[in-house]
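# Examination of the molecular architecture
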Amino acid sequence: MSLEAKIKSGEFVVLGEFEPPKGADFSRFLNNAKQIKGRVDALVVPEMGNAVMKASSLGSCAFLKQHGIETVFQVCCRDRNRLALQADILAAGALDILNIMAVPGEEITHGDHPQARLVNDLDLIQLLETIQRLKIGKDLAGVELSGSPKFCVGSTVNAGAFGGVRDIEMENLNKMIDLGVQFLITTPVFDLHRFQQFIKHIDTSKGAVIPTVLLLKSAGMARYIDRNIKSISIPKEMIRDIQKAPDKLKQCIQLTAEIIGHLKEMGMAGVMISTVGWEDKLPQVMDAAKL
Amino acid sequence: MIVAEKKPIEEIIDQVKDFQKLLIAGCNECVTVCEAGGKKEVGILASALRMYFMNEGKKVEIDEVTLERQCDHEYLEEIRDRIDKYDAVLSLACGVGVQFMAEKYFSTPVFPGVNTCFMGAAEERGVWSERCQACGQCILGETAGICPISRCAKRLLNGPCGGSTKGKCEISKDLDCAWQLILDRLKELDRLDDYEKIMPIKDWSTERAGGPRKVVREDVRL
Ligand code: SF4
Ligand code: SF4
C-alpha cells in the first residue's frame, strides 16, 4: 500500500528517516534500506539536513526507487530558487516519486559550508503553493505544463512550540492544510506530556500528524539536545535511565520503542523514526516497538 | 549614498487614507541628495495629499518636518514632544530611517513613502546607479576599484561571461560590462597580471546570507 493510501486508511504509518551519504558510494545506504524494505511505508530522505552537504534528496530518492523502495522527497527553500525547485519537482514527478515534503531548511551558518550563499527565494508557504500549482498543471509563470506531477504532500511542524509561537505555528498549519498538505512530520518528541499539550490544539482529522521519534545515542547527546535545542525537551528520568543502563544502546532502543508505543496509544497517525547515522539500527528499533 | 525612489502616490494614499492627522517626515541626508525624500519632496507630497483629501471631501490634517537624519536617535528625539498628536507618520527616509522611527515611536504607525533601492552614486543629474552591495569583505583592491558583485549582472569573480559584447553586458546594451571596466582599468594601472590570478570562492557569510549583520566596536562604545 502506498503511503497516501495508508494515511487514508487510518492505519498506523511508519516512516524511517534516511540521510543520504556524503559521497558517491551508496552501498551502505542501500544495504541499510534493504534491511527494512517492506517494513516501513516510506523512507524520508532529508535534503541536506542541518545544512550539511550530502547527496541530494531527489537523487537519493531516484536511487532508492530503482530498488523498489518508496520515499518521501524533500524540497528545501534554503538552497534553490524558484526555477531550480520547480525543475526538481517536475523531475521527481517523472521519476514516479510518490511523496514530497516541503521544508524551510536549517541555517546555512550552522552547517558545514557556512560561507555558502543563502537562497530562500520562496518561503515554506510559497513552496507549498508552488507544489499545488504544479500539481494543477501550471508553473509559477502561469505556463501550462505538459503533464503535471502527482504527489502526496507533506511538511513539518514544530511540536515544541508553546505560547505565542504555538499560535503562529497553528496559523501556519492551517495555511499548509489549505495548500493541500496531507501529512505533517513533527520535531522529535520525548516529553509526551508536553506533546499532548501541543497536539490538543491541532485538528488531526484535517492532516495526518506524524511525530518524529529520535533514537538517542547516549546520555550526553540527550543532555546536549535538551539544553541547546529550544523546541525539544527530554525528561530527566530518560537521561538518567540511559546513564545508569549497563547496555546504553539497548536502553536507547528500548526508550525509542516505548515512545512509539505511547504515541500509538495516543492515536497518532504514525511515526517517523530518525536514527541520524544509525540507520542500521532501525530494524532493532522496529522489533522492540513491535512494528 | 543610499538611493531611493518616490513611491507612486496611489500606493501612498492607500497606506494613509484612514488617518486624520498625518506627519510627513523627510530626511536631510541621502534621500535629499537623490531627490526622493528631502524637504522639497515632503512639501510636494504634502500638497498632493492635501489636494487629494480635499477632493475626496475628507478632513485630514497634514504637517511637515524634515529631520537632519532619521537613522539617528538624537534627531529623531526632536519630534518626541509632538508625536502623540499624529495618527500616523509617513516617512520619506530610507528603510533604515523608517525602521528607526518605528522602533522609537512604538505605538505610532509609520509608513514608508519611498522605495529604498541601493547604495550608489549620481552618475549625472537625475541618473543614479548601484556601486556596492555591502558584501562585508571588500575586494575592490583586486578588481581595480570596480565592484563585480554589485555591477556584474552575474556577480562573476573571475572575468567576463561569454555574453559581454563591445563592452556592454548581455542583459542590456545600456549597461556597461563590469568586467570590461575592470580589465580596462587593470590595463591602465599596468596590473593585467592580477587578472591571471584565480579569485577564490567567495565567503558569503559576511553578506546578508549569514543573517542580519551588526558591527560592534568595543573601542568606541560608551
Ligand atoms: S566588493 Fe563588496 S564591499 Fe566592496 S564594493 Fe563590492 S559589494 Fe561593496
Ligand atoms: S556581460 Fe559582463 S557584466 Fe554582464 S554578466 Fe557578463 S561579465 Fe557580468
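Computed from a predicted structure; not experimentally measured.

This part covers the overall build of chain A. Per the secondary structure count, chain A includes 11 helices and eight strands. For chain A, whose C-alpha radius of gyration is 18 Å, the value lies close to the compact-globule estimate of 19 Å for 291 residues. Its C-alpha atoms put chain A at 60 × 45 × 45 Å along the principal axes. Taking all 291 residues of chain A together, the buried fraction comes to 51%. Taking the contacts inside chain A whose residues are at least 6 apart along the sequence as the reference set, 77% of them involve residues at least 24 apart. In the form shown here, chain A has an accessible surface area of approximately 13,400 Å², with 52% of it arising from carbon and sulfur atoms. Distance between charge centroids for chain A: 4 Å, based on 34 positive and 34 negative side chains.

A few words now on the packing of aromatic side chains. Tallied over the entire structure, the rule returns eight aromatic pairs over all chains. Ring geometry for B:Trp179 against B:Tyr195: centres 6.0 Å apart, planes inclined by 55 degrees, an arrangement best described as tilted. Residue B:Trp179 is located in helix α7 (residues 178–188), and its partner B:Tyr195 is located in helix α8 (residues 192–196); the two are separated by 16 residues in the primary sequence. Exposure remark for B:Trp179: the relative accessible area of 3% places this residue in the buried category. Here the aromatic residues A:Phe18, A:Phe26, A:Phe29 and A:Phe63 are joined through ring pairs into a cluster of three or more. Cation over ring: A:Arg117 sits above B:Trp204, and NZ or CZ is 4.6 Å from the ring centre. Sitting over the ring of B:Trp204, B:Lys202 keeps its end group 5.7 Å from the ring centre.

Surveying the vicinity of ligand 1 reveals the residues B:Arg131, B:Cys132, B:Gln133, B:Ala134, B:Cys135, B:Cys138, B:Ile139, B:Leu140, B:Cys147 and B:Ile149. Among the residues forming the shell around ligand 1, the class breakdown is eight nonpolar, one polar and one charged.

Near ligand 2 you find B:Cys152, B:Ala153, B:Lys154, B:Leu156, B:Pro160, B:Cys161, B:Ser164, B:Cys169, B:Glu170, B:Cys177 and B:Ala178, and these make up its full shell. Among the residues making up the shell around ligand 2, the classes are represented as eight nonpolar, one polar and two charged.

So, on to the sheet that holds strand β6 (residues 114–124) of chain B. Residues and elements named next belong to chain B. Strand order in the open sheet formed by three strands is β1-β6-β7, and the pairing between neighbours is antiparallel. Two strands close off the open sheet at either side, each with one partner strand: β1 (2–6) and β7 (127–132). Direction aside, neighbouring strands of the sheet carry axes that sit 70 degrees apart on average.

Let's shift gears to the side chain of A:Glu279. All names here are of chain A. Of note, Glu 279 is situated in the loop between β8 (270–274) and α11 (282–288). Of the buried charged residues, Glu 279 lacks a salt bridge, with Arg 28 as the closest side chain of opposite charge at 4.9 Å. Polar side-chain contacts of Glu 279 include one of 3.4 Å to the backbone nitrogen of Glu 19. In this structure Glu 279 touches Glu 17, Phe 18, Glu 19 and Asn 32, once residues within four positions along its chain are discounted.

For the rest of this paragraph, the subject is the interface of chain B and chain A. Contacts between the two partners involve eight residues from chain B, matched on the other side by six residues from chain A. Note on chain B versus chain A: buried area summed over both sides is about 620 Å², and carbon and sulfur give 50% of it. Contact with chain A buries surface across chain B, with B:Asp203, B:Trp204 and B:Ala209 losing the most and accounting together for 55% of the total. For the interface between chain B and chain A, the tally reads one salt bridge. Of the charged contacts in the structure, one is a salt bridge between B:Glu207 and A:Arg117, with a shortest N-O distance of 3.1 Å. The tally of links from chain B across to chain A stands at three residue pairs in polar contact (both at pLDDT 80 or more). By residue class, the composition of the side of chain B that touches chain A is two nonpolar, two polar and four charged.

All names here are of chain B. Those residues of helix α5 (residues 95–104) that fall on the buried side of the exposure criterion are Gly 97, Val 98, Met 101 and Lys 104. For α5, the arc enclosing every buried residue in end-on projection is 135 degrees, short of the 170-degree limit, so these residues lie on one face. Buried residues along α5 sit against β2 (21–27), α4 (73–76), β4 (88–91) and β5 (110–112).

Residue and element names in this part refer to chain A. Their axes nearest at 10 Å, the elements helix α5 (residues 124–136) and helix α6 (residues 164–178) cross at an angle of 10 degrees. Classed by the angle they form, the pair α5 and α6 counts as roughly parallel. Residues Leu 124, Ile 125, Leu 128 and Gln 132 of α5 form the contact with α6, whose participating residues are Asn 172, Lys 175, Met 176 and Asp 178.

Parameters and conventions
- Residues numbered from 1 in each chain as written.
- Chains lettered and ligands numbered in written order.
- Predicted model: local features only at pLDDT ≥ 70, side-chain atom pairs only at ≥ 80, totals over all residues.
- Heavy atoms only, no water.
- Helix = DSSP H or I, 4+ residues; strand = E, 2+ residues; numbered from the N terminus.
- Rg over C-alpha atoms; globule rule 2.2 N^0.38 Å.
- Buried < 20%, exposed > 50% of the residue type's maximum accessible area, 1.4 Å probe, protein only.
- Contact = heavy atoms within 4.5 Å.
- Areas by Shrake-Rupley, 256 points an atom, 1.4 Å probe, with all protein chains shown as cover.
- Lys, Arg positive; Asp, Glu negative; His and termini not counted.
- Charge placed at Lys NZ, Arg CZ, Asp CG, Glu CD.
- Phe/Tyr/Trp six-rings, centres within 6.5 Å; stacked < 30°, edge-to-face > 60°.
- Lys NZ or Arg CZ within 6 Å of the ring centre and 35° of its normal.
- Near = heavy atom within 4 Å.
- Nonpolar A, V, L, I, M, F, W, Y, C, P; charged D, E, K, R; others polar.
- Pairing = 2+ DSSP bridges.
- Axes fitted to C-alpha atoms, helices over the stretch in contact; angles between N-to-C directions.
- Salt bridge = Lys/Arg side-chain N within 4 Å of Asp/Glu carboxyl O.
- Polar contact = N/O pair within 3.5 Å; in protein donor to acceptor, adjacent residues only side chain to side chain.
- Buried area = accessible area lost by both parts, 1.4 Å probe.
- Arc of directions from axis to C-beta.
- Parallel < 35°, antiparallel > 145°, perpendicular 65-115°, else oblique.

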